[in-house]
Amino acid sequence: MEEPTAQFSDEELMDNFLAMDDERIQLEAPEFEVEPLPVGFEDATALGCSCLAKEEEGNTAKMKKTTIKDKVEAFHLRKSLNLLDKLHEEKDLFIQKTRGELRVCRQRMDLLNKQQESLAAEISAERDANNMAAMSRLQAASRRLHTELENEKDLQSKITAMLKDSENAMWHIEIQKGQFEDFRKRNEEEAEARQRSLEIHAAQQLQKEKETLERVERNRLLRARKSLHVQKELGQKHQKLVEDAQRNHRIAVKFLKASLGRIREREQEEEMESRKHMKRRMDAVLALKNSITASRETLKKFQAWGQSRAELAKQKALTEKEVILAQGGDAFKHLVHQRRHQELEAQKRAFEEEQKLRKQEIVSRILKEEAEEENRKKKQHPPSKATDGWTLRDKTWKYISDFCEGKTAMPASHLLRAHLFRWQENEIALHPKPTCLLKAISSESMQMDLGSISTEEEVLAEPDIPGLWSKEYKTHQVSKKDMEQKPVGGTKMDKDILARTMEQLRSGVVHKQVVSGREFKGRPFNSKPEVIHFKDFDIGKVYKKKITLINATYTINYCKLVGVEEGLKDFIHIDFDPPGPMSAGMSCEVLVTFKPMINKDLEGNVSFLAQTGSFSVPLKCSTKKCSLSLDKELIEFGSYVVGETTSRTITLTNVGGLGTRFKFLLDSEFFEMEEPQPIMKISSLYTCEDKSLYEKIITSLSEQQLDINESSPVDIPSRKESEKDETEIVPAASVITMAPSEEQAEITLGEVTEGEIGPFSSVKIPIIFTPVIPGEVQTKFKVMFKNSQCPTLYFRATGIAVDVPVWVPRATVDLKICMYDRLYQDSIIVHTRSKAALRLKFEVCKELRGHIELVPETGYIQAQSSYSVQLKFLPRHSLPEDAGKYFDENSRVLEAPMTIWVADQNKPVGFTVQAVVTTSDLEISPLEINFGYCTIYEAIRTEISLSNLSLLPQEFGFVGLPKYVDIQPNDGFGTILPLETLQLDVIFQPIKAKEYRFELICKSEINRCFKVSCQAVGVHPPLELSHYQIKFSATALCGTTVSRLYVINSHLSMNKLTHSLPRIGSEEATPVGPTSFEFLPPPNSPITISPSVGTVLPGKKCLVQVVFQPVLPHEVILKEAMQILNKEKENKLFQKETVQRKETWKPSMPVVRVHNRDRPTRASTPHTQELHRQELSVSSNEYQAAQANLARSFQGKFDRIVVPCVVASGDIKDRKELEPLSFSPHNTLYLELWCPAVAPSIVLTSNKGNSVLNFGDIAVGHRSIKKITFQNISPEDLALEFSVLSPSGPFVLINPSKKLCSGESQTLALSFSPRESTQVQEILDIITKRDTLSLTLTGTGVASMITCSIEGNILNMGYVLARESVSTTFKLQNESSLLIKFWMQLESLSRKRDETRQQLPKFLTSREQRTEIVGTQNHNGQSVFSVAPVEGLMYPGKAQEFTVTFSPDHESLYFSDLLHVVLFEKKVFHQILLKGAAREHMMFVEGGDPLDVPVESLTVIPALDTEHREARSPSPEAEEIKPILVTLNYVQFDTDTPIPPATRELQVGCIRTTQPSPRKTVEFSLDGVAWLQHKGFSIEPSRASVERGQTKTISISWVPPADFDPDHPLMVSTLLQLRGDGKETYKVIFVAQVVAGI
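Calculation notes
Residues numbered from 1 in each chain as written. Predicted model: local features only at pLDDT ≥ 70, side-chain atom pairs only at ≥ 80, totals over all residues. Heavy atoms only, no water. Helix = DSSP H or I, 4+ residues; strand = E, 2+ residues; numbered from the N terminus. Buried < 20%, exposed > 50% of the residue type's maximum accessible area, 1.4 Å probe, protein only. Contact = heavy atoms within 4.5 Å. Axes fitted to C-alpha atoms, helices over the stretch in contact; angles between N-to-C directions. Left-handed = near helix turned anticlockwise from the far one by under 90°. Nonpolar A, V, L, I, M, F, W, Y, C, P; charged D, E, K, R; others polar. Salt bridge = Lys/Arg side-chain N within 4 Å of Asp/Glu carboxyl O. Pairing = 2+ DSSP bridges. Phe/Tyr/Trp six-rings, centres within 6.5 Å; stacked < 30°, edge-to-face > 60°. Patch = residues over 30% accessible without salt bridge, like charges linked within 9 Å, V, L, I, M, F, W, Y side chains within 5 Å. Areas by Shrake-Rupley, 256 points an atom, 1.4 Å probe, with all protein chains shown as cover. Lys, Arg positive; Asp, Glu negative; His and termini not counted. Charge placed at Lys NZ, Arg CZ, Asp CG, Glu CD.

(A) How the structure looks around the overall build of the protein chain. Helix and strand counts for the protein chain come out as 24 helices and 76 strands. A buried classification covers 33% of the 1638 residues belonging to the protein chain. Within the protein chain, counting contacts between residues at least 6 apart in sequence, those at least 24 apart form 72% of the total.

(B) Region of interest: the packing of helix 4 (residues 68–129) against helix 6 (residues 181–327). Put simply, helix 4 and helix 6 touch, their axes get as near as 11 Å, and they point 115° apart. The handedness of the crossing between helix 4 and helix 6 comes out as left-handed. Each of Ala-74, Leu-77, Arg-78, Leu-81 and Asp-85 in helix 4 lies in contact with helix 6, whose residues at this interface are Phe-183, Arg-184 and Asn-187. Across the contact of helix 4 with helix 6, the residue classes break down as 4 nonpolar, 1 polar and 3 charged.

(C) View of the pattern of salt bridges. Applying the stated criterion across every chain yields a total of 28 salt bridges. With its nearest N and O atoms 2.4 Å apart, the salt bridge here joins Arg-1200 to Glu-1232. Placement of the pair is Arg-1200 in strand 47 (residues 1197–1209) and Glu-1232 in strand 48 (residues 1224–1238), with a sequence separation of 32 residues. Taking the relative accessible area as the measure of exposure, Glu-1232 reaches 17% and is therefore buried. Across the salt bridge formed by Arg-1479 and Glu-1624, the nearest N and O atoms sit 2.6 Å from each other. Taken together, the residues Arg-1479 in strand 67 (residues 1467–1479) and Glu-1624 in strand 76 (residues 1623–1636) connect sequence positions 145 residues apart. Connected through shared salt-bridge partners, Arg-661, Lys-663, Glu-754 and Glu-756 make up one network.

(D) Seen up close, the sheet that holds strand 61 (residues 1366–1374). A sheet is described by the order of its strands in space; here 4 strands give the open sequence 59-61-65-63, paired in antiparallel fashion. Two strands close off the open sheet at either side, each with one partner strand: strand 59 (1346–1348) and strand 63 (1425–1428). Taken over all neighbouring pairs, the strand axes of this sheet differ in orientation by 25° on average, direction set aside. Inspection of the sheet shows strand 63 paired to strand 65 (residues 1439–1446) by 4 bridges, in the antiparallel sense. Bridge pairing links Val-1427 to Val-1444 in strand 65.

(E) Examining the packing of aromatic side chains more closely. Taken as a whole and judged by the stated rule, the model has 34 aromatic pairs. Between Phe-988 and Tyr-996 the ring centres are 5.3 Å apart and the planes differ by 75°, which places this aromatic pair in the edge-to-face class. Among the residues examined, Phe-988 registers a relative accessible area of 0% and is labelled buried. In this structure Tyr-996 comes out as buried when scored by relative accessible area, which is 2%. Aromatic side chains Phe-1255 and Phe-1291 sit 5.7 Å apart centroid to centroid with 50° between the ring planes, which places their arrangement in the tilted category. One end of the pair, Phe-1255, is in strand 50 (residues 1252–1259); the other, Phe-1291, is in strand 54 (residues 1291–1293), and 36 residues separate them in sequence.

(F) Broad picture of a nonpolar patch on the surface. Residues Ile-1265, Val-1292 and Ile-1294 make up a contiguous nonpolar surface patch of about 240 Å² in total accessible area. Among the secondary structure elements, Val-1292 is positioned in strand 54.

(G) How the structure looks around the environment of Leu-961. Structurally, Leu-961 is set in the loop between strand 33 (954–959) and strand 34 (965–968). Take Leu-961: its relative accessible area is 26%, and that puts it in the partly exposed class.

(H) Focus on a negative patch on the surface. The grouping of Glu-881, Asp-882, Asp-888, Glu-889 and Glu-895 at the surface amounts to a negative patch. The topology assignment puts Glu-889 in the loop between strand 27 (887–888) and strand 28 (893–902). What makes Glu-889 exposed here is its relative accessible area of 53%.

(I) Spotlight on unusual backbone geometry. Omega for the bond connecting Lys-528 with Pro-529 falls within 30 degrees of zero, at -5°, which places this linkage in the cis form. Structurally, Pro-529 is set in the loop between strand 3 (525–528) and strand 4 (532–537). Going from Ser-925 to Pro-926, the amide bond is cis rather than trans, its omega being -5°. Tracing the backbone through its elements, the reader meets Pro-926 in the loop between strand 30 (922–925) and strand 31 (928–935).

If you want it as structure tokens, here you go:
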């Protein structure tokens, strides 16, 4: 309101001007030049008032040239002036506003003063009245006014001071503006000078532009002339080219005609040849027909012979049965044996026939392959003759011949049918009535399966013309023309040429008319009259009419007569002289002459052709007809006093050209004209309301009329009586009701009732009304005509006979539909014919006086005038009880009689008030609504029905609704039609937890109220959801869309003042603490909620993930799979029937019986569908194929799912096992999900459409690659992206791609390399802009778990005779679930064998291991050890047995090798050390300390054969003694415990051999046993024998003797002799010593 007063001094203004930002100055004069500043210019330029003063004093001095500094100074001054103007305007506006506020303040003060004066007067008055209460109230108001007045005075003083300051500031601004006045004037002069210079410059520039424009125009004209010259030359050249082309065209046409003539001659010759060829074919077809007839007769004979044979067999069986029974045997058993024997014979014959058919099929396949090979060779070297010249018939014959030869894989069973079809087609082509051949081939012959006839042996039919059925036969080729005759109207080419020619001719005649760029469209000429109509013509006469054609186009046009239609040429003649060119608007005349020859209506058109198109004028010719009508259908005489006579006339008009005879008579009378009257038609007697009733009885009346016309005159009275009886049955409200005979005499016809009516004439017939008895009179009349084509016309006359001169025009006052408790008014007009004034009294029946009122009750009506009385109708609800008989409760119609009493008259005048009284009630159902429990986060909707019980529409509206209630539609407002019921939705959403009780008020348009009581309980649950509605994006089938929400526990405190507490209605609040929830999604829904159960702590929230994954329903997939399975079954059944159909041709009875046995199987196929449905599983091929088909044809789906979430107090972790939480059903939250599913853009075409790619069990460390193919089925190209697989995982995408075109398929390669024994699963997403295809990659890494039956991994083969072999077995058990491939490898055969042999022997480098892994080998180069099998597969849980064979070729104790068990070609899983020893003799000694090296010397190679071995064998005297060293260590302890002796063992064995030997045992013996015992040695046994394949142990123990010296070891020796197949001696050296124990 207030604004601080601003006063500006000169210094402040100048400071403000200097502080402004510098702006770029645009020099206005283009010729402006910058000169150096003159000396002392700074002293001459100053700011503010001093600058202006110096300018005034220096007016006489010469003005110097403007510089840049002057421009800047002028710019700042102009800016200062603008600022002053702006400040002046603002201050002026503020002053005006302040003055207005001051004025308003003064007015308020005046008003307060006046109010104080009036209050003072009132206070004095109340003080005088001693009214203390009013006085205290007035004094308080006076004090308040005084306070307001003081406030206003203060405000006035402030506004006055503010106004004064503003005016001072305004004066100061005016003074400053006056100081700058001179500069303002000079600035305006300079602006005018600049404007003048700009105008001069613009005029000069305009002159230059005009000159340039004239120069450009001259150049344009020169170019136009040049272009015209060039176009003229081009036109001459074009004309010359056209002439040359026309000349060449004429020459070409001449040669073309000659060529066409030669071609036509050649075609005629070919046509003759074709006809001859077709004649030969017809003869062949007739011959075939005769053959078929003969074959049919033969078949009939065969059938008759078969029947007779069956009868004979039956008789024979009966005879045999009788014989057997006569002999006392079992006839049934004999017949069973005989039948079985016959069936076996039949099966045997069927088997032979089947073998024969198979041989034939094999031969036919071989021949077919040879034929295809020949065709392939022919196609590789096609003939030079072109086939493009073949006609349609030639191509058809070629296709049929190829089809018959089997090129199109036609079954052999249809071969003969193809020949029949070929001959049938030719027969149809040559003879238009192909009945002979079609009738010859009966349905019985076509039902036989001709395909089973063997083409080599069983085909009996042969062609009459040799070579006709041969594959090498070729039809006669007719080139460039079809073998058939040309159709009527020419070929398609002739029709096209004719149409093209006609179009060219029309284009030369008809042209488009374009005037001023506007093309004329429409009818070129208008005709006056528009239709040429010859009415009511006579045969033999000539009629002429002229019509005028007016040119309606834009310019000159022509008109030419085309003619009339074919049906009018015999009767219509057109005289038309073409006028030539006609300007727009001109006209010409056409004379049309019509000479009728037949009495028939004609219609057609007269066609003309104009330059812009054709047009026609309609032509009609109408015969003479009778067109009769009455001028009125109802004659109302009105009210007449009894005894008066009046008349009305009715006019019968004939507008047709044919006259007839008529007769007026009563409707009840019957009159027969000279010609028979047609069946009664609907006439104008009935009104619109009565026609429907008439249509119902017209049938019976028509039948009665026909019966009357056919009966004799004697029967006419009886007919009338029957009609009279029937009319009495019709309800009284119908107008067909016949009046009594007395009333009919009051309205009669005049003297003229019949006569002739000519064409185009009318007749008036008088109708006379003579009232006799007071009341209403009604009579029906009809008009009948002699012309049978004229229908009977009906009319009626009504009149009212009254006996008083006062009458009411409206005998019934219809108030239409009225409501209870509503006022309705109407005016009743009363007329009088009396010549004197009458007093009238209006009376209402006593029953309705409380509802109807006539105002005034008494009145006077003047002579021969009218009187108006007011009718008031206010129906009460007691009307049905009060009205009594005047009110019909069913139809709710009120008919109340009203009476008008006339003075000096005994008979009153009456009229009736009629109304339909209806209620204004609106019925609401139900009247009480219980919403139950509802949370504050949801809304409950219920339906109520609003019914209108009234017969009138009513507007309604629910008013005063609480803010937590909503009614839809239209917010509870609308219009309800009569007797209509509307369904309204009441939506209740509580805002807090409490018990709600409220009413819904519905008001009608007449302000009636209808109430509905409602109650509900508001619930504030302890948990809430962040979202109560989730709208998923469109998700592809089998795709996944994830949405997240939070379950929030905001209940932190029990303080109800800070926030609302969770509770159920008015119950106690829920305590603060952990709260659990559980989502309950519907079963079989595509929704997954994780976690579905959880606990939320106070003040915390829990993240919940909702996954939408649309899938196809299982039942739908099963249904589709069943269809696929049934289709496959049908195909298999069809193939089976095809094979069986071949067998039906054979006359064998068992085959027919087998065919019959198959029929019940096929019929029972539908009963097994349920069994197949149960057999279908998710992993079946049909199920996967059905799922893929449905995914491709999926059109989209939308589901709305509501998921309840129940809430309970407490933590789910605290509950005991199987103890449910106490969930309250009232605290349930609801989550609404919108789930739109769409068709996928990419689908899998491999893996049966399954998105789960299971690599199965793969061994750890190995790799498996699988491929999967997918296709883009969307109409657009898609860019592909792939999700990143785990870098440390076993899955790898080998060939990713970036783009997939529409309809294209692509194959992805995925590898699986497990690193550990575990099951792995990953998701690979193929991402497009439309959707995402998820592939689930699963695989299991399996460790190779194999156990060996050999303990210690050492397999010792024992001792074997040299050059013999021994075998043993061991097993490897596969204890894993993986199929394992194994290889067995020997170390001696490895590639690294050469490298290891270059190293030093083990006995030189290692004390622990003396022998090599690969020991002594055979000298013959073969392996000492061999294993079988070398490779193979070990199935899960199975054991594999291996055989190891030891085959030494010389004697050695150090045969060894290492067996490697290699799995999956690269992993060495197990190693087995193979050992063995070989001897030349069957005995051996084992044990003792080693004395030799385990490596053979390469210099000594013993002979391998027996001869050399015998030559080198020493003599017995020179027998070699082999040493054996046995060391015994006696351990002596310091304790007194007994010391065990030192023990060693030697093994003496006998080798099992297959060679014959004189000795089967080995005997051994030790020498000097007694002496050894003296030395402390004990040897058991010293002598024994050993069987083959067994060993004997020699136990050696030693105890130091008494004379033993511990410092000197004891060394003794003895001889061990072995006798078997030879003799060997061993020197056993015993070394014994005593060692100290630890």
